[in-house]
Every structure is written in structure tokens, then in C-alpha cells.
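# Commentary on secondary and tertiary structure
What follows is the residue order along each chain.
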Amino acid sequence: MSYVSVEKPNILLLAGGVGGAKMAEGLAAIEGITLSILGNIADDQIFHGLWVSPDIDTLTYSLSGLVNRDQGWGLANEGSRALDMLKQLGNDTWMFLGDRDFGLHIHRSNRLKQGYSRSQITSEIAHALGIGTPLILPTDDVVQTRLKTKDGWILFQDYFVRQKCAPEVLDIHFEGADQAHPTSKALKAISEADLIIIAPSNPILSIAPILSIPGIRDALTASKATILALSPLIGGKPVKGPADKVMKAMGLEASATGIARYYRDLIDQIVIDHQDQASKAEIEAMGLVCSLDDILMCTRQDKIRLAHALLANHAAFNGFSCPEAAQ
Ligand code: GDP
């Protein structure tokens with residue numbers, strides 16, 4: 001990929017877990033851009049005394065090529081002997097953590113005890129696993145998503161994994177966000193970006209927590225970059241997970257139009273699926289540029305093709321050419 005007017009454009013991806021990691025992999029495969037990723041830390045939770053950061057770990061395992069491709073998270077060729085022992089000792093083991101995965105959580109928790117920040121630890125893990133793309137955290141403070149159900153407030157993993165997204169969600173709160181400080185790396189990456197892409201991640205549970213950190217939304221609004229979102233819904237349905245359910249619970253329309261409306265104050269462009277062509281006119285009436293594409297990413301080629309298409313779109317929109325984008 002080579003750009004005529006912008007030499008090595010800075011691309012920043014806002015990403016959650018599985019949907020975010022797919023887009024991250026596609027973009028990371030493209031030469032001639034400088035990619036950074038701003039991830040979500042609000043799904044973090046302590047298990048067996050260890051600090052587990054599922055979305056950041058999904059990005060880490062995906063970009064290092066260690067990911068279990070069948071499920072899109074965790075490591076390939078994992079064992080469960082550590083978890084089996086924990087179960088035998090009477091612990092709750094509804095959160096699957098594989099043996100090698102445990103190694104990473106032990107390392108992170110140990111480094112936290114030694115006084116390193118979450119950002120430093122994330123970077124050193126990424127470096128050790130051969131990831132060249134900076135993985136940036138929105139904050140080094142603890143921010144955790146809590147969901148209100150009829151039985152009270154529960155942490156994200158209790159809702160997502162233990163209760164399999166079954167309870168009706170009455171409210172959502174990002175605990176600790178009000179007092180959190182953005183990392184300087186996050187603010188710098190936003191201010192230096194030429195193009196900011198919001199991955200097709202869950203808008204309410206993966207992207208909103210990033211935006212809830214004081215200073216992040218303002219930095220995005222002030223940024224000179226074009227901001228482009230990719231819809232996580234195709235034909236009104238998520239590819240995976242509870243995005244439609246949670247959007248409806250929050251009073252939003254679960255559709256490509258609903259996604260555009262949710263992000264409209266932040267973004268310039270949105271890419272939606274060909275299946276959602278009927279939403280295009282309504283989205284354009286909001287003052288957004290709306291493009292249609294095949295936005296389901298099943299294979300590595302799908303991810304790279306879509307990443308090329310997003311960059312080509314942006315290049316065309318900004319009046320410079322991107323000759324290899326059609327590859
Ligand atoms: P989580 O934190 O692991 O749930 O991951 P994310 O929030 O990053 O991703 C979940 C979202 O990704 C869901 O709403 C899915 O609909 C969306 N998603 C997953 N795969 C794809 C895909 O191939 N294409 C698109 N457009 N969205 C996807």
C-alpha cells in the first residue's frame with residue numbers, strides 16, 4: 001500500500017475483543033501504514049487471584065498468531081489441567097482459562113504487584129510475543145463494566161460467560177470511569193492519527209467503555225483525523241454476542257442505522273453491509289458518508305480485503321490515491 005499525499009498514514013483502531021481483533025489482524029497485515037490499537041479494559045476481572053484482561057488478551061493472541069481460530073479468543077492447543085485442579089479444590093471454574101493463558105495472567109498479576117502499570121505490562125507482553133503494533137490502553141486505572149439485572153449489579157464476565165448473556169439488562173455502568181485518567185499514549189495516538197477506525201466491536205460493551213474515560217471522547221472530537229466506524233450488525237444481527245439485545249435494552253435500534261445514530265456525533269463515515277443497503281439513505285441524511293461492503297470476516301483474506309477497502313475508501317474520500325488498495 002502506498003499513498004500519494006500521506007506518507008505512512010497513522011491509523012488508530014478502537015477495538016474490543018473478537019470483532020476488534022479481526023479488524024486488527026486485517027490492518028496489521030497491510031504495509032505502508034503505521035497502526036496503533038486502543039483496546040478495552042473494562043471487561044477485566046480477577047479470577048483465582050489473577051488479573052485477567054480478556055479483550056486485551058484476545059488482541060494479543062490474535063496479533064501474535066497464537067489465537068484459537070475456531071473460537072476467536074484464547075490460545076490454540078490449550079490444556080485445562082490448571083483449571084481442572086482448581087475445580088477439584090472446590091473453586092468456581094465457569095470462566096475458561098487455559099494452561100498457557102494462566103501463564104500470561106500470572107505474569108501480568110506479578111508485574112502489577114511489582115508496581116508496573118497495566119500499559120507497561122501490556123506493551124512488554126506484546127513485545128515478548130513478537131507483536132509490532134502498539135497496543136494502547138485508554139487508562140491505567142481500574143474501570144469495570146457492571147450490568148444491572150433483576151438480581152442486582154453484576155460484573156461483565158458474570159453476565160457474558162457465567163450467565164451466557166441470558167439476564168435482561170436494565171442498566172450499564174462503567175465503574176471507576178469518572179475518576180479515571182486517560183493514558184498519555186492514548187491521547188497522543190488520537191491526536192497523531194490520520195484515520196481512526198472504530199472496529200465492528202460491541203458499541204455499548206466494548207467501545208463505550210473506552211469513550212467513557214474522561215478526555216478520550218474530547219480528544220476524538222478535537223482530532224483532525226477522519227473517523228470511520230464499521231458496523232458490528234449485519235441484517236440487524238450481531239455476528240456473535242449480545243450487541244442487538246444490549247442495544248435494544250438501552251433504547252437503541254439494533255440495526256446499521258442504529259449503529260450510525262449511536263456514533264453520529266463522533267464519526268464522519270460508516271461502512272455497513274450490502275444486506276443493509278436500505279439503511280444507506282437514512283444514514284446519509286444524518287450527514288455521514290455511508291459505504292456498502294461485505295463486512296463479514298471469516299478468513300484471513302476477508303480481514304485483509306476489508307482493511308484494504310476501508311483504507312481505499314478513506315483515501316478516495318480525502319482526495320489522494322491509494323493505488324494498491326484493490327489488491
Ligand atoms: P468481545 O469483547 O469479545 O465481545 O468482542 P467485540 O466487542 O470486539 O466484538 C463483538 C462484536 O463483533 C459483535 O457485536 C459482532 O457482531 C462483531 N463481529 C464479530 N465478527 C464480525 C465480522 O466478521 N464482521 C462484522 N462486521 N462484525 C463482527
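Before any of the text, the structure's been laid out above.
An account of the accompanying structure is given in this report. What you see is a predicted model, and the numbers here were worked out from it, not measured in a lab.

## Section: the overall build of the protein
Along the protein, the regular secondary structure elements total 13 helices and 14 strands. Relative to its length of 327 residues, the protein is compact, with a C-alpha radius of gyration of 19 Å against a globular reference of 20 Å. Out of the 327 residues in the protein, the part that is buried amounts to 54%. Contacts spanning at least 24 positions in sequence make up 68% of the contacts within the protein whose residues lie at least 6 apart. On the protein, roughly 14400 Å² of surface is accessible, and the fraction owed to carbon and sulfur atoms is 50%. Averaged over its 29 positive side-chain charges, the protein has a centre that lies 4 Å from the centre of its 37 negative ones.

## Some points on the sheet that holds strand β14 (residues 289-293)
What the 7 strands build is an open sheet, ordered β5-β2-β1-β9-β10-β13-β14; its pairing is parallel. Because the sheet does not close on itself, it has two edges, and the strands there are β5 (135-136) and β14. Relative to strand β9 (residues 195-198), strand β1 (residues 10-15) runs parallel, the two being bridged by 4 bridges. Bridged to Ile11 within β9 is Leu195. Along the sheet, helix α2 (residues 54-63) makes contact with β1, β2 (34-39) and β5, crossing β2 at roughly 150°.

## Observations concerning the site of the ligand
Neighbouring the ligand are 22 residues; Ser201, Ser206, Pro232, Val239 and Ile295 lie closest to it. A distance of 2.8 Å separates an oxygen atom of the ligand from a polar backbone atom of Gly17. In terms of residue count, helix α1 (residues 18-28) provides more of the shell around the ligand than any other element does, 4 residues in total. Of the residues assigned to the shell around the ligand, the class counts are 10 nonpolar, 8 polar and 4 charged.

## Details of the packing of aromatic side chains
With the rule as written, the count across this model stands at 3 aromatic pairs. With a centroid separation of 5.5 Å and 85° between ring planes, the pair formed by Phe47 and Trp94 is classed as edge-to-face. In this pair, Phe47 is assigned in strand β3 (residues 45-47) and Trp94 in the loop between α3 (81-88) and α4 (99-113), connecting sequence segments 47 residues apart. For Phe47, a relative accessible area of 8% translates into the label buried. With a relative accessible area of 27%, Trp94 lands in the partly exposed category. Where Tyr262 meets Tyr263, the ring centres are 5.3 Å apart and the plane angle is 65°; that geometry is what we call edge-to-face. The class of Tyr262 is partly exposed, set by a relative accessible area of 27%. A cation over a ring is seen here: Arg111 above Tyr116, with NZ or CZ 3.9 Å from the ring centre.

## Brief notes about the environment of Gly19
By the element assignment, Gly19 lies in helix α1. For Gly19, a relative accessible area of 23% puts it in the partly exposed group. Put simply, Gly19 and Leu311 are 292 residues apart on the chain and 18 Å apart in space, counted from C-alpha to C-alpha. With residues up to four places along the chain from it excluded, the contact list for Gly19 reads Pro200 and Ser201.

## Things to note about the packing of helix α8 (residues 203-211) against helix α11 (residues 256-263)
Here α8 crosses α11 at 15°, and the two axes come no closer than 13 Å. Viewed along their axes, α8 and α11 adopt a mutual orientation that is roughly parallel. With respect to the hand of their crossing, α8 and α11 are arranged in right-handed fashion. Across from Pro203, Ile204, Ile207 and Ala208 in α8, the residues of α11 making contact are Ile259, Tyr262 and Tyr263. Split into classes, the residues belonging to the contact of α8 with α11 amount to 7 nonpolar, no polar and no charged.

## Comments concerning the side chain of Gln45
In this structure, Gln45 sits in strand β3. By relative accessible area, which is 6% here, Gln45 ends up buried. A polar contact of 3.2 Å, which involves the side chain of Gln45, links it to the backbone nitrogen of Gln157. A polar side-chain atom of Gln45 sits 2.9 Å from a polar atom in the side chain of Asp158. Leave out the neighbours within four places in its chain, and Gln45 touches Leu50, Trp51, Val52, Trp94, Gln144, Leu155, Phe156, Gln157 and Asp158.

Parameters and conventions
Residues numbered from 1 in each chain as written. Predicted model: local features only at pLDDT ≥ 70, side-chain atom pairs only at ≥ 80, totals over all residues. Heavy atoms only, no water. Helix = DSSP H or I, 4+ residues; strand = E, 2+ residues; numbered from the N terminus. Rg over C-alpha atoms; globule rule 2.2 N^0.38 Å. Buried < 20%, exposed > 50% of the residue type's maximum accessible area, 1.4 Å probe, protein only. Contact = heavy atoms within 4.5 Å. Areas by Shrake-Rupley, 256 points an atom, 1.4 Å probe, with all protein chains shown as cover. Lys, Arg positive; Asp, Glu negative; His and termini not counted. Charge placed at Lys NZ, Arg CZ, Asp CG, Glu CD. Pairing = 2+ DSSP bridges. Axes fitted to C-alpha atoms, helices over the stretch in contact; angles between N-to-C directions. Near = heavy atom within 4 Å. Polar contact = N/O pair within 3.5 Å; in protein donor to acceptor, adjacent residues only side chain to side chain. Nonpolar A, V, L, I, M, F, W, Y, C, P; charged D, E, K, R; others polar. Phe/Tyr/Trp six-rings, centres within 6.5 Å; stacked < 30°, edge-to-face > 60°. Lys NZ or Arg CZ within 6 Å of the ring centre and 35° of its normal. Parallel < 35°, antiparallel > 145°, perpendicular 65-115°, else oblique. Left-handed = near helix turned anticlockwise from the far one by under 90°.

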